[in-house]
Amino acid sequence: MLSRQAIVDQLTHLVGKDRVITDEPVLRENSVDRYRKVQAVFGIYELPLPAAVVKPADAAQVSAILKFADRHGINCVPKTGGSATEGGLETIVKNSIVLDGSDMNRIIEINPTAMLVTAQCGVNLEVLENQVRRHGLTIGHSPQSKPLAMMGGLVATRSIGQFSTLYGGIEDMVVGLEAVFPDGEITRIKNVPRRACGPDIRHVIIGNEGALCFITEITLKLYRYYPENNSFQAYAMPNMSSGFDLLREVITAGYRPSMARLYDAQDGAQHGFDQFAPDRCVLMFMGEGPAPIVRATADGIEEIAARYPDQDPIDGRIIENWFNHLNWGPEKVMEERELIRKTLNTGFTTEVSGNWDCIYPIYRNVLDRIQRDFPHGEDLTLLGGHSSHSYQTGTNLYFVYDYNIKKCPPEQELATYHIPLNAMIVEETLKAGGSMVHHHGIGKYRTPWTRQEHGSAYYILDRLKQVFDPNGIMNKGTIFPVDK
Ligand SMILES: Cc1cc2nc3c(=O)[nH]c(=O)nc-3n(C[C@H](O)[C@H](O)[C@H](O)COP(=O)(O)OP(=O)(O)OC[C@H]3O[C@@H](n4cnc5c(N)ncnc54)[C@H](O)[C@@H]3O)c2cc1C
C-alpha cells in the first residue's frame, strides 16, 4: 500500500496541484454523506479521512486516476452533487480517494431536433433544466434534490423525480452515456432511440452507485414543456387502503398524470395537510402535457374518484402552492442543520416499493412492527409514509420517521435509532415481496440485504463486480457487502 503522502504526490503528478484537495475540513466533510447528518452537525467524524479529494477536468484524467488507484488497490469513492442519503459517499477504508466530478460541468449539446441533451457528470440538474426550458423543452426529471444533485450522481443512484408517473425514472431518460472503468477504459454508449443488439448495457452503468465505474457524460431525452396546461386535483381519503385503491384504479386504467402522491395523516400533517384534511389521507394528482391530454386525464381521474363515496375533494390550488415549494436547495440544508442543533430532533426516510397486491400489507406491517418492536418508541415524533411514484404494476412507499435524540450522545444516534428503524422497514418489505430500495440506492446501510433482495439473480450482480472491478477499488462497501 502507498502511504497517504505518496497517494497525494502521485495524484498531483497526474492532474496538477489545483485539482487535489487535502484540507482537513474538506476531507472530513467528504468522509460522510447525509446518512450521518446528525454527527456532522456536531462536528463528529468517525470514519477514516480520505487521502485527498480529486477533481478531474475530463474523462482522460478520470481514466488516469482510476488506473493509478487500481494498480495500487486504493479505494475510490465517486461523487458529484453530494446529496446522497444512504452512505454511498462514506469512505470506510483508510486513505481513500474521493473522485469528485463536479468540475466536469459543461453542457455539451442541446439538440431540439433529435430531442437530446448531453451534459458532463458535474452539471447540476436545475441548471440543466433551466437551460433546456429556454428552448421550450423539459427533461422531465425533478427529484426534490434538483437544486443539489448533479448528473453523475443522478444516474449512478437510479434517481427518480416528482413527475415520474409520466416521464419515468432516470433509467427511462438516459439515451446514451460515457463511463470510465477501473482499468482506465473509457466507454461511450451511443445515442439511438432503441436497439436490439444484445442486452441493454446502459443498465450496467445506470445505478452502479460508483461501485463499478465512474460516469463522465450523459445524454438524456427531451420533451416539450407546457407549464400553462398543468392541472392539480386532490382528495381527502378515509385511510391508506382506499387511497391505494383509487391510485391503482387511475394508473391501471391507463391515465398518466405526471405526479401522483398519497400521504397518510401523520406524514401529511408535517406538510400542513391537517389544516384542510385533519386525520385523513391525501391523494393528489398533477396533469401535464398538451391541453387535450391534460383535460382527458383530469376528467378520467374525476370520474374514477366519484366512485369513492368516502372521499372529499380538496382545492387543487392548495396542493399546487405546496408542491411548488417542495424542493431542497443549500439554504434548506443549512436550516435543517440549525434545527437539529437547536431541537435535537431529526428525521430520515426509507423508500421501498411493492406490487399493488402487497403495498398495503407492507405499509401496515412496517408501522405495526415499529410500534411493537422498536424499543425507543417514546422518542419518535413522527412515523408515517407516502407513495409518490406509481407504475402499471405497483407503487413505492416512503417511510418517514422523526425522533428526539435528547437521551443519547449524537455518536449513538445511528445505532439507537436510524439503523434499527431502517432495518425493520427493509425486513418487512422483503418479507412481503417488495423491493428494499426504490430510488436512493443501496449505499452502505442496506448492503446486509443485497443478496436477499436479488435472490438467485445476485449471481449476475456479483459477476459484474468481479469482471469490472476485480481489485475491489470502487466504492468499497456500497451495493456489495464487505465481508468482515
Ligand atoms: C433533500 C433531499 C431530497 C432528495 N430527493 C430525492 C428524490 O426526489 N429522488 C431521488 O431519486 N433522490 C432524492 N434524493 C437523494 C439524492 O439527491 C439522489 O440520490 C441523487 O441522485 C444524488 O445525486 P448527487 O449528484 O448528489 O450524487 P452524490 O451524492 O455525489 O453521489 C450519490 C451516489 O452516486 C455515486 N456517484 C456520484 N457521482 C458518480 C459518478 N460520476 N459516477 C459513478 N458514481 C457516482 C456516489 O458514489 C454515491 O454512491 C434526495 C436527497 C436529499 C438530500
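Basis of the calculations
Residues numbered from 1 in each chain as written. Predicted model: local features only at pLDDT ≥ 70, side-chain atom pairs only at ≥ 80, totals over all residues. Heavy atoms only, no water. Pairing = 2+ DSSP bridges. Helix = DSSP H or I, 4+ residues; strand = E, 2+ residues; numbered from the N terminus. Contact = heavy atoms within 4.5 Å. Axes fitted to C-alpha atoms, helices over the stretch in contact; angles between N-to-C directions. Salt bridge = Lys/Arg side-chain N within 4 Å of Asp/Glu carboxyl O. Buried < 20%, exposed > 50% of the residue type's maximum accessible area, 1.4 Å probe, protein only. Near = heavy atom within 4 Å. Polar contact = N/O pair within 3.5 Å; in protein donor to acceptor, adjacent residues only side chain to side chain. Areas by Shrake-Rupley, 256 points an atom, 1.4 Å probe, with all protein chains shown as cover. Nonpolar A, V, L, I, M, F, W, Y, C, P; charged D, E, K, R; others polar. Domains from an automatic or database assignment. Parallel < 35°, antiparallel > 145°, perpendicular 65-115°, else oblique. Left-handed = near helix turned anticlockwise from the far one by under 90°. Phe/Tyr/Trp six-rings, centres within 6.5 Å; stacked < 30°, edge-to-face > 60°. Buried area = accessible area lost by both parts, 1.4 Å probe. Core = buried A, V, L, I, M, F, W, Y, C linked by side-chain atoms within 4.5 Å.

## Details of the sheet that holds strand β1 (residues 20–21)
Strand order in the open sheet formed by 4 strands is β1-β2-β4-β3, with mixed pairing between adjacent strands. Edge positions in the sheet fall to β1 and β3 (76–79), since each has one partner strand and no second. With 4 bridges connecting them, β3 and strand β4 (residues 97–100) associate as parallel partners. The partner of Lys 79 across the bridge, within β4, is Asp 100. Here helix α4 (residues 59–72) sits on the sheet and contacts β2 (52–54), β3 and β4; the angle it forms with β4, its principal contact strand, is near 165°.

## Some details on the pattern of salt bridges
Scanning the model with the defined rule gives 27 salt bridges in all. A salt bridge links Asp 379 to Lys 407, with the shortest nitrogen-to-oxygen separation between them at 2.8 Å. Note that Asp 379 is positioned in the loop between α15 (356–373) and β17 (380–387) and Lys 407 in the loop between β18 (394–404) and α16 (413–431), a separation of 28 residues in sequence. The shortest N-O distance in the salt bridge between Arg 463 and Asp 462 comes to 3.9 Å. On the basis of relative accessible area, Arg 463 is assigned to the partly exposed category, the value being 36%. Since its relative accessible area comes to 23%, Asp 462 is described here as partly exposed. Taken together, the shared-partner salt bridges in this structure form one network comprising Arg 369, Arg 372, Asp 373, Glu 427, Glu 428 and Lys 431.

## A look at the sheet that holds strand β10 (residues 214–221)
The 5 strands lie next to each other as β5-β6-β10-β8-β9, forming an open sheet whose pairing is antiparallel. Edge positions in the sheet fall to β5 (107–111) and β9 (186–189), since each has one partner strand and no second. For this sheet, the mean angle separating the axes of adjacent strands, direction not counted, is 10°. Where strand β6 (residues 116–120) meets β10, 5 bridges bridge the pair, whose relative direction is antiparallel. Bridging across to β10, Val 117 finds its partner in Leu 220.

## Here we look at the environment of Ile 314
Within the secondary structure, Ile 314 is located in strand β15 (residues 312–314). Separated by 248 residues in the primary sequence, Ile 314 and Leu 66 have C-alpha atoms spaced 54 Å apart.

## Some thoughts on the site of the ligand
Taken together, 32 residues form the shell around the ligand, and within it Pro 78, Thr 80, Ser 83, Ser 145 and Ile 160 come nearest. Within the backbone of Ile 160, one N or O atom sits 2.7 Å away from a nitrogen atom of the ligand. A distance of 2.8 Å separates a nitrogen atom of the ligand from a polar atom in the backbone of Ile 215. Compared with its free state, where it exposes 970 Å², the ligand has 97% of that area covered by protein. Taken together, the elements giving at least two residues each to the shell around the ligand come down to β3, α6 (151–156) and β10. Here the shell around the ligand takes 4 residues from α6, the largest share from any one element. Residues that form the shell around the ligand fall into these classes: 13 nonpolar, 16 polar and 3 charged. Here the shell around the ligand spans two domains, and each of domain 1 (4–102) and domain 2 (104–224) adds at least three residues to it.

## Here's the deal with the pairing of β4
Residue alternation in β4 divides its side chains into two sets, Ile 97 and Leu 99 and Val 98 and Asp 100, and both sets are buried. Pairing analysis gives 3 bridges linking β2 to β4, with the strands arranged parallel. Within β4, the residue paired with Val 54 across the bridge is Leu 99.

## Here's the deal with the side chain of Asp 70
Along the chain, Asp 70 turns up in helix α4. Beyond its immediate stretch of four places on either side in the chain, Asp 70 contacts Pro 182, Asp 183, Asn 471 and Ile 473.

## Focus on the packing of helix α10 (residues 240–252) against α15
To describe two helices that pack against each other, one gives the angle between their axes and the distance between the axes. Interhelical geometry of α10 versus α15 gives an angle of 155° and a closest axis separation of 10 Å. Accordingly, the angle class assigned to the pair α10 and α15 is roughly antiparallel. By crossing handedness, the relation of α10 to α15 is classed as right-handed. The segment α10 lies against α15, with Met 240, Ser 241, Phe 244, Leu 247, Arg 248, Ile 251 and Thr 252 engaging Trp 356, Ile 359, Tyr 360 and Tyr 363. Looking at the contact of α10 with α15, its residues break down into 8 nonpolar, 2 polar and 1 charged.

## Thoughts on the packing of aromatic side chains
Within this structure, the stated rule accounts for 16 aromatic pairs. Consider the rings of Phe 244 and Tyr 360, whose centres lie 6.4 Å apart with planes at 70°: the pair is edge-to-face. Here Phe 244 is found in helix α10, whereas its partner Tyr 360 is found in helix α15, with 116 residues between them in sequence. Its relative accessible area of 28% is what places Tyr 360 among the partly exposed residues.

## Quick look at the packing of α15 against α16
Look at α15 against α16: their axes get within 9 Å of each other, and the N-to-C directions meet at 140°. Considering their axes alone, α15 and α16 lie oblique with respect to each other. Crossing hand, α15 versus α16: right-handed. Touching Ile 362, Asn 365, Val 366, Arg 369, Ile 370 and Asp 373 of α15 are Leu 421, Met 424, Ile 425, Glu 427, Glu 428 and Thr 429, all from α16. Its residues assigned to classes, the contact of α15 with α16 shows 6 nonpolar, 2 polar and 4 charged.

## Focus: the domain arrangement of the chain
Entries for the chain in the domain assignment read domain 1 (4–102), domain 2 (104–224) and domain 3 (227–323). Taking only C-alpha atoms, the centre of domain 1 and the centre of domain 2 are 23 Å apart. Contact with domain 1, which involves 18 residues of that partner, is made by 21 residues of domain 2. Across the domain 1 to domain 2 interface the summed buried area is about 1,400 Å²; carbon plus sulfur atoms make up 67%.

## So, the nonpolar core
The nonpolar side chains of a soluble globular protein tend to be buried, and buried together. Of all hydrophobic cores here, the largest spans 45 residues; its most connected members are Met 151, Leu 177, Leu 220 and Met 284. The biggest single contributor to this core is α6, with 4 residues. Counting only domains with at least three residues in this core, you end up with domain 2 (104–224) and domain 3 (227–323). In this structure Leu 177 touches Val 155, Thr 187, Arg 188, Ile 189, Arg 202, Ile 205, Ile 206, Ile 215, Glu 217 and Ile 218, once residues within four positions along its chain are discounted. If you look at the next biggest cluster of nonpolar residues, it comprises 43 residues, including Tyr 235, Cys 281, Phe 374 and Ile 405.

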